[in-house]
Amino acid sequence: MTKCTLDTQNKKLLSLAVAAAVGFSGISYAQESDEEAGSTLKKLEEVVVVGSRIKRDGYSSSSPIEVISPELATVQGIADVGSLLQSATIASGSPQVTAAISANGVTEGGIGASTISLRGLGANRTLVLLNGRRIGPAGVRGQVSSFDLNLMPLVAVERIEILKDGASTIYGSDAIAGVVNVITRKDEGASFDFYTSQPTRNGGEQSRLSLRWGSSSDRVSFSVMGDYIESKELKKGARQYFNCGQQYYFDPDTGARSDTIDPRTGQPWCNDLLWGHVWIYDYSGGIPRGAKAQFDRNGDLADYIPGFDPAIMETPEGWFPVAYDEPSFGVTDADHPFQDGESLVPSTEVYTLYADAEIQLTDTLTMYTEALLSQRETYVNGYRQFWTYIYNEDFDFGYFYGYEPTGSSLSTGWRGLQWLSPTAITDHADNSVEVKYARALVGFTGEINNYSWDLSAQYSRSSGDYISDRIYNDSIEDSWFASGSCVGTQSSVRGADCIDPRWLDAGFLAGDLNAEERAFLFGSEAGGTEYIQWSVEGSISGSLFDLPAGEALGAVGFQYRRDEIDDVPGDITLAGNAWGTSGAGITKGDDATKAIFGEIELPLLADLPGIQSLTMNASGRWTDVSSYGSDTTYKVGLNWEITPTIRVRASNGTSFRTPALFELYLADQTSFVGQRNIDPCIGWGQALLANPGYQRIADNCAADGIPDDFSGAAISATVVTGGGLGVLEAETSEAKTIGVVWQPEFANLSVSADYFDIKIEDQVSQLGAGQILYQCYDSDFFPNDPLCAQFDRDPLTNNQITEVRDSYINVAEQRNRGWDLAATWVYESDVGILTFETQHSFQIEDKVALFADTEENYNGYIGNPKWTGRFSLSLDRGAWSGVWSANIIGSAENYGLGDGDNLATIYPGTATEREVRLVLDTERVMYHNASVAYQFDNGLTARFGVSNVFDKTPPLLSRSSLVSRQGNSAFYSQYDWEGRSYFFNVRYEM
């Protein structure tokens with residue numbers, strides 16, 4: 001930024017530059033009347049603003065638009081486009097898919113993907129454009145529908161425009177929550193950019209190296225850019241707040257910690273994942289309920305807990321019962337070293353080559369082209385449990401059914417009226433992903449009789465390979481409840497020579513397997529996903545006729561698009577031989593979309609008292625989708641300039657989204673979930689005593705023959721999911737916005753406020769196995785509610801839930817309401833140019849109704865705070881510049897997800913039964929960032945900064961099914977995982 005005296009117009013232009021740099025919310029700038037201003041603003045004329053096909057002067061629009069510059073990432077220490085977009089307040093107030101989230105759960109796009117979900121309405125309801133044109137999806141596995149933002153290099157970006165309301169009339173399906181339009185750089189010259197970020201603790205380091213060259217002549221201009229970015233793995237053990245998941249309970253009277261204490265360390269008990277135990281299914285009535293056998297690895301368990309009563313259950317020497325009361329839980333092994341080596345943030349490398357060119361063929365005809373080639377490699381370290389079922393040495397099955405006594409010769413030393421489930425742990429649970437993405441676009445634009453036209457075709461192909469560690473299902477389940485050795489037989493699927501793993505050996509259960517056992521139990525497989533999208537689109541726009549208030553503008557166009565998906569899982573999964581993980585078939589399908597659209601902009605009034613100008617914008621679209629049929633959408637907007645300093649804007653429009661390919665064609669997939677996580681009938685008697693509101697569920701469970709003290713079945717339930725071809729309808733939505741922009745004459749100040757209201761009907765979703773069972777047993781129509789037919793319960797196996805069918809369906813609706821506030825102030829002083837910017841999103845409602853008579857308002861829950869914001873203060877003084885900024889995540893609480901109380905009773909019915917207070921809320925969090933830069937005369941700029949200056953760690957939460965945690969920390973996309981980091985950026989422009 002140059003150091004000079006600013007006249008009024010230059011201040012306006014400076015404000016525009018600042019607004020673009022810090023992400024202003026749709027603020028328009030009035031033109032000055034003098035010739036100099038008109039000449040200066042000529043560069044801003046005749047542009048196409050996101051959300052429209054009409055060329056117009058500047059960023060004045062009836063819809064709220066936010067403009068973000070990559071400079072915002074530079075000053076905050078952000079290295080990639082995905083993180084930059086997810087930090088915008090329109091996104092930071094809702095869950096986002098980040099590398100960490102996708103590495104620790106099942107997300108659309110697969111492991112390592114990074115997507116953008118505006119207003120929390122879903123990435124498949126947020127359309128991403130590149131230079132105003134749709135960019136095809138990328139990712140792995142069957143659930144691919146969105147562009148992976150990892151594949152777009154930050155250094156190629158000039159600015160990002162975010163349209164904050166629906167735009168299906170202009171762009172088609174997916175543009176329900178809004179549109180993200182990435183505009184690439186067109187400037188000339190060569191540049192070198194290096195960035196590195198180093199956390200103060202190991203793990204999570206990032207580095208980026210970019211080279212770019214742009215050139216132009218009278219007829220030809222082009223640019224080419226190469227980019228490499230590396231994000232190193234952040235292991236859970238590298239951060240204290242992730243490496244030991246404690247209960248984090250408090251005494252409700254004194255406020256003191258009330259965790260179970262591990263007497264071996266004197267510290268609160270670490271409870272991440274139980275390991276190395278033999279689960280006991282007791283039929284004698286003498287074993288404490290829930291007890292598990294744990295080997296005494298340090299030789300001191302007898303100092304803290306009693307051993308087994310040999311008259312009830314015999315075990316080999318060194319085994320003790322644990323996990324049945326507080327003292328025994330305190331010595332229960334639940335924090336294996338494998339946990340410390342698990343990836344919280346995976347290691348990722350991305351290589352990108354981007355190029356574009358324009359060739360002016362004639363004075364009125366220009367050819368343009370773009371090419372994007374990118375490759376992402378992601379690796380995740382994991383660990384997991386695995387188990388079998390085995391009789392003890394002399395289990396007497398005939399005791400119950402009159403059969404011959406049954407036992408296992410492999411259970412030497414284990415005797416009594418019990419059968420066993422030895423549960424081992426392994427780090428054979430890694431995943432790697434490689435995504436290769438290619439996009440090519442060619443188009444022509446020109447002028448005919450003062451009308452501008454554009455015709456283009458684009459092709460994109462995402463080819464992804466995913467390699468996963470697997471446990472062979474037949475190596476485990478073939479031997480369930482066997483009475484002796486399997487040696488001499490072959491496994492049922494692979495035909496491998498069977499061996500007898502040392503299931504009851506303490507070393508085996510701790511993850512110490514020999515080579516023969518690993519070869520028999522473990523393998524790996526490679527799957528592949530291909531997603532192809534190609535399209536042809538064209539439009540023509542220009543002046544239609546003159547009105548008293550000005551020129552009427554219009555545009556018409558068409559689009560044809562075809563999408564294809566082909567996901568082939570690995571051989572083990574296709575054979576149904578992957579133990580304890582999702583099984584899947586081949587997902588293959590295609591869809592074709594045809595559309596015609598039109599848009600008109602009418603200047604209704606001008607130069608009247610109270611009406612400086614009043615303009616209406618209207619658009620409509622007819623769309624035909626081969627898998628669904630046809631539909632029409634519309635949008636109407638008003639832009640009312642009351643005075644030169646005050647403007648009101650409003651819009652109302654409809655959108656619709658046809659189901660994505662994976663929602664239609666996803667092959668049946670199977671996964672496994674614990675009964676306790678999904679069955680509302682477990683312990684319904686106690687639940688009713690604690691909460692009278694449980695009465696309907698209790699009545700329906702009783703009517704289903706479930707006893708009031710039902711403890712749940714042992715074996716996990718199978719969940720089957722699949723596509724909804726022939727069943728699903730398209731989603732429809734309506735979006736309303738109204739806002740005001742104020743730019744007073746007395747200061748270089750701009751303020752905007754916008755209200756939004758988006759309602760989606762017939763939303764495509766999966767309910768989840770737990771929701772299906774809960775809604776069934778909570779229904780007034782039990783057992784005839786349709787959801788009650790979506791699962792099976794087998795009374796012959798202790799009322800086990802055997803299968804839950806959870807395919808994609810249309811649910812009732814989702815509604816999101818709130819308002820956005822933005823302001824910027826630029827002040828020139830003797831010290832330098834001072835700029836203050838702030839932006840906030842306030843959410844009023846975020847309701848999801850799964851059925852017509854049910855709804856849940858998630859507004860204010862953790863991950864969906866009612867308020868998010870940011871501010872920055874920058875000073876430019878000659879060659880020096882400095883920025884201090886802060887991102888704000890508002891407070892949130894999840895008490896409403898339960899019975900509204902933060903108290904719980906732990907260890908009921910034991911000597912240590914007590915009430916504890918749970919922490920299920922988070923206070924407001926502010927992440928501060930600071931940086932300073934110096935621009936040398938030779939074109940070199942160096943910047944040094946600190947992100948998360950005060951080293952804020954994620955909020956701490958109590959152990960509860962109502963929150964998502966890693967270790968003790970809230971695990972939601974808004975929070976920073978790495979802690980304080982130092983970053984350095986050097987850029988050389990030639």
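Residues numbered from 1 in each chain as written. Predicted model: local features only at pLDDT ≥ 70, side-chain atom pairs only at ≥ 80, totals over all residues. Heavy atoms only, no water.

A.B. asks: Sorry if this is basic, but what is going on with the overall build of the protein chain here?
C.D. replies: In terms of helices and strands, the protein chain carries 19 helices and 55 strands. The C-alpha atoms of the protein chain give 31 Å as radius of gyration, which agrees with the globular expectation for 990 residues (30 Å, within 12%). Overall, the protein chain is about 100 × 60 × 55 Å in size when its C-alpha atoms are taken along their principal axes. Taking all 990 residues of the protein chain together, the buried fraction comes to 56%. (Helix = DSSP H or I, 4+ residues; strand = E, 2+ residues; numbered from the N terminus. Rg over C-alpha atoms; globule rule 2.2 N^0.38 Å. Buried < 20%, exposed > 50% of the residue type's maximum accessible area, 1.4 Å probe, protein only.)

A.B. asks: Before we go on, may I ask you to explain the pattern of salt bridges in this structure?
C.D. replies: Where side chains of opposite charge bring their charged atoms close, a pairing between them can arise. Counted under the stated rule, the structure contains 54 salt bridges. Note that K588 and D566 form a salt bridge whose closest N and O atoms lie 3.4 Å from each other. Highlighted residues: K588 in strand β32 (residues 587–608) and D566 in strand β30 (residues 550–568), separated in sequence by 22 residues. On the basis of relative accessibility, which here comes to 24%, the residue D566 falls in the partly exposed class. Taken together, the shared-partner salt bridges in this structure form one network comprising E66, R119, K164, D820 and R870. (Salt bridge = Lys/Arg side-chain N within 4 Å of Asp/Glu carboxyl O.)

A.B. asks: Got a minute to help me understand helix α18 (residues 695–703) in this structure?
C.D. replies: Since there are 3.6 residues in each turn of an α-helix, residues three or four apart along the chain are aligned in direction. Those residues of α18 that sit buried are I697, A698, N700 and C701. Looking one or two places after α18, you find G705, whose phi comes out positive at around 80°.

A.B. asks: It is not clear to me how the confidence of the model for the protein chain should be interpreted in this structure. Could you clarify?
C.D. replies: Detailed reading of the predicted model is not advised wherever pLDDT is low. Residues of the protein chain with pLDDT of at least 70 account for 92%, and the chain-wide mean is 88. Here residues 1–45 is modelled with pLDDT under 50, and outside its nearest four sequence neighbours on either side it reaches 100 contacts, counting other chains as well. (pLDDT = per-residue confidence, 0-100. Contact = heavy atoms within 4.5 Å.)

A.B. asks: How should I be thinking about the nonpolar core in this particular structure?
C.D. replies: If you look at the biggest cluster of nonpolar residues, it comprises 45 residues, and the most contacted ones within it are I160 and V180. Every residue in contact with V180, bar those within four places of it in the chain, is listed here: L85, I116, L118, T126, L127, V128, L129, I160, E161 and I162. With 29 residues, the next largest nonpolar core counts I287, F308, C498 and L509 among its residues. (Core = buried A, V, L, I, M, F, W, Y, C linked by side-chain atoms within 4.5 Å.)

A.B. asks: Explanation requested: the state of the cysteines in the structure shown.
C.D. replies: Enumeration according to the criterion identifies four disulfides in this entry. A sulfur-sulfur separation of 2.0 Å characterises the disulfide bridge that pairs C681 with C701. Since a negative S-S torsion denotes a left-handed disulfide, the C681-C701 link at about -85° is left-handed. Placement of C681 in the loop between α16 (675–678) and α17 (684–690) and of C701 in helix α18 is noted, with a sequence separation of 20 residues between them. Residue classification places C681 among the buried residues on the basis of a relative accessible area of 0%. If you count the bonded cysteines of the protein chain from the N-terminus, they pair up as 1-2, 3-4, 5-6, 7-8. (Disulfide = S-S within 2.5 Å.)

A.B. asks: Looking at this model, I keep getting lost on the packing of aromatic side chains. Mind explaining?
C.D. replies: As enumerated under the stated definition, the model contains 39 aromatic pairs in all. A centroid spacing of 4.9 Å and a plane angle of 85° characterise the contact between Y248 and F250, whose relative ring orientation is edge-to-face. For Y248, a relative accessible area of 15% puts it in the buried group. Here F250 falls in the buried class, since its relative accessible area comes to 12%. Ring pairs connect the aromatic residues Y281, Y283, Y389, Y391, F395, W419, W480 and F481, which therefore count as one cluster. Stacked on the ring of F756, the Lys or Arg R119 has its end atom at 3.5 Å from the ring centre. Sitting over the face of the ring of W279, K292 holds its NZ or CZ atom 4.3 Å from the ring centroid. (Phe/Tyr/Trp six-rings, centres within 6.5 Å; stacked < 30°, edge-to-face > 60°. Lys NZ or Arg CZ within 6 Å of the ring centre and 35° of its normal.)

A.B. asks: How should the packing of α18 against helix α19 (residues 769–777) be read in this particular structure?
C.D. replies: How two helices sit against one another is set out by the angle between their axes and by the gap between those axes. Their axes nearest at 8 Å, the elements α18 and α19 cross at an angle of 90°. With respect to α19, the axis of α18 lies roughly perpendicular. Between α18 and α19, the residues in contact are R696, I697, N700 and C701 and Y774, C776 and Y777, respectively. Grouping the constituent residues of the contact of α18 with α19 by class yields five nonpolar, one polar and one charged. (Axes fitted to C-alpha atoms, helices over the stretch in contact; angles between N-to-C directions. Parallel < 35°, antiparallel > 145°, perpendicular 65-115°, else oblique. Nonpolar A, V, L, I, M, F, W, Y, C, P; charged D, E, K, R; others polar.)

A.B. asks: Mind showing me how you'd approach empty space enclosed by the protein here?
C.D. replies: Remark: the empty space left among the atoms is shown by a probe the size of a water molecule rolled over them. Scanning the model with the defined rule gives six cavities of 30 Å³ or more in all. Here the second largest cavity defines a volume of roughly 320 Å³. Of all the elements in the fold, those that place two or more residues in the lining of the second largest cavity are β5 (126–130), β29 (522–547), β30 and β32. Of the residues assigned to the lining of the second largest cavity, the class counts are twelve nonpolar, eight polar and six charged. (1 Å grid on protein atoms, 1.4 Å probe; cavity = no way out; pocket = protein on both sides within 12 Å on 5 of 7 lines; lining within 4 Å. Points joined across faces, edges and corners; volume = space filled by probe spheres on them.)

A.B. asks: Where do I start with unusual backbone geometry in this structure?
C.D. replies: Most peptide bonds take the trans configuration, and most residues that are not glycine carry a negative phi. The peptide bond linking F782 to P783 adopts the cis configuration, its omega dihedral lying at 0°. With respect to the helices, strands and loops of the structure, P783 is situated in the loop between α19 and β40 (791–794). A positive phi angle is found at Y907, which is not glycine, with a value near 50°. With respect to the secondary-structure elements, Y907 resides in the loop between β48 (903–906) and β49 (914–918). Given a relative accessible area of 11%, Y907 falls into the buried group.

A.B. asks: Mind showing me how you'd approach the pairing of β49 here?
C.D. replies: Two faces make up the sheet, and in a regular strand the side chains alternate between them. Judged from the two bridges that link them, strand β13 (residues 249–250) and β49 form a sheet pairing that is antiparallel. Bridge pairing in β49 links Y249 to L918. Here β48 pairs with β49 via four bridges, running antiparallel. In the strand pairing of β49, T905 is matched with E915. (Pairing = 2+ DSSP bridges.)

A.B. asks: Just checking my understanding: could you explain the pairing of strand β7 (residues 157–163) for this structure?
C.D. replies: In terms of burial, β7 is a largely internal element, six of the seven residues being buried. Bridging between strand β4 (residues 65–68) and β7 involves four bridges; their strand directions are antiparallel. The residue bridging I68 from the neighbouring strand is I160, located in β7. Relative to strand β8 (residues 178–184), β7 is paired through six bridges, and the arrangement is antiparallel. For E161, the partnering residue across the bridge sits in β8 and is N181.

A.B. asks: Whenever I open this one, the environment of S485 confuses me. Can you help?
C.D. replies: Turning to its location among the elements, S485 is positioned in the loop between α11 (473–477) and α12 (506–509). In the structure, S485 is positioned 264 residues away from L749 in sequence and 81 Å away in space, judged by C-alpha atoms. Within polar-contact distance, the side chain of S485 engages the backbone nitrogen of V487 at 3.1 Å. Polar contacts involving the side chain of S485 include one to the side chain of D500, which spans 2.5 Å. (Polar contact = N/O pair within 3.5 Å; in protein donor to acceptor, adjacent residues only side chain to side chain.)

A.B. asks: Just checking my understanding: could you explain the side chain of T737 for this structure?
C.D. replies: Counting through the fold element by element, T737 comes out in strand β38 (residues 731–742). Under the relative-accessibility criterion, T737 is labelled buried at 6%. A polar contact of 2.6 Å, which involves the side chain of T737, links it to the side chain of S651. In contact with T737, other than residues within four places in its own chain, are S62, P64, D165, R649, A650, S651, Y755 and F756.

A.B. asks: It is not clear to me how the sheet that holds β13 should be interpreted in this structure. Could you clarify?
C.D. replies: The strands making up a sheet are joined through hydrogen bonds of the backbone, oriented either antiparallel or parallel. Pairing within the open sheet is antiparallel, and its three strands lie in the order β13-β49-β48. Each edge of the open sheet is held by one strand with a lone partner, namely β13 and β48.

A.B. asks: Please clarify how the side chain of Q533 should be interpreted in this entry.
C.D. replies: Its location among the elements puts Q533 in strand β29. Engagement of the side chain of Q533 in a polar contact is seen with the side chain of Q458, the distance being 3.1 Å. Within the structure, the side chain of Q533 is placed 2.8 Å from the side chain of D563, a separation counted as a polar contact.

A.B. asks: Just to check I follow, could you spell out a nonpolar patch on the surface for this structure?
C.D. replies: Among the surface-exposed residues, W213, V220, F222, I359, L361, V442 and F444 lie close enough to one another that they form a single nonpolar patch of about 550 Å² accessible area. Within the fold, I359 resides in strand β21 (residues 347–362). (Patch = residues over 30% accessible without salt bridge, like charges linked within 9 Å, V, L, I, M, F, W, Y side chains within 5 Å. Areas by Shrake-Rupley, 256 points an atom, 1.4 Å probe, with all protein chains shown as cover.)

A.B. asks: In this structure, what is going on with the environment of S468? I would like to understand it.
C.D. replies: One can find S468 in strand β28 (residues 451–471). Owing to a relative accessible area of 1%, S468 belongs among the buried residues under this scheme. As a C-alpha pair, S468 and V433 span 35 residues in sequence and 8.8 Å in three-dimensional space. If near-sequence neighbours (up to four positions away) are discounted, S468 is found in contact with R141, D430, N431, G523, S524 and E525.

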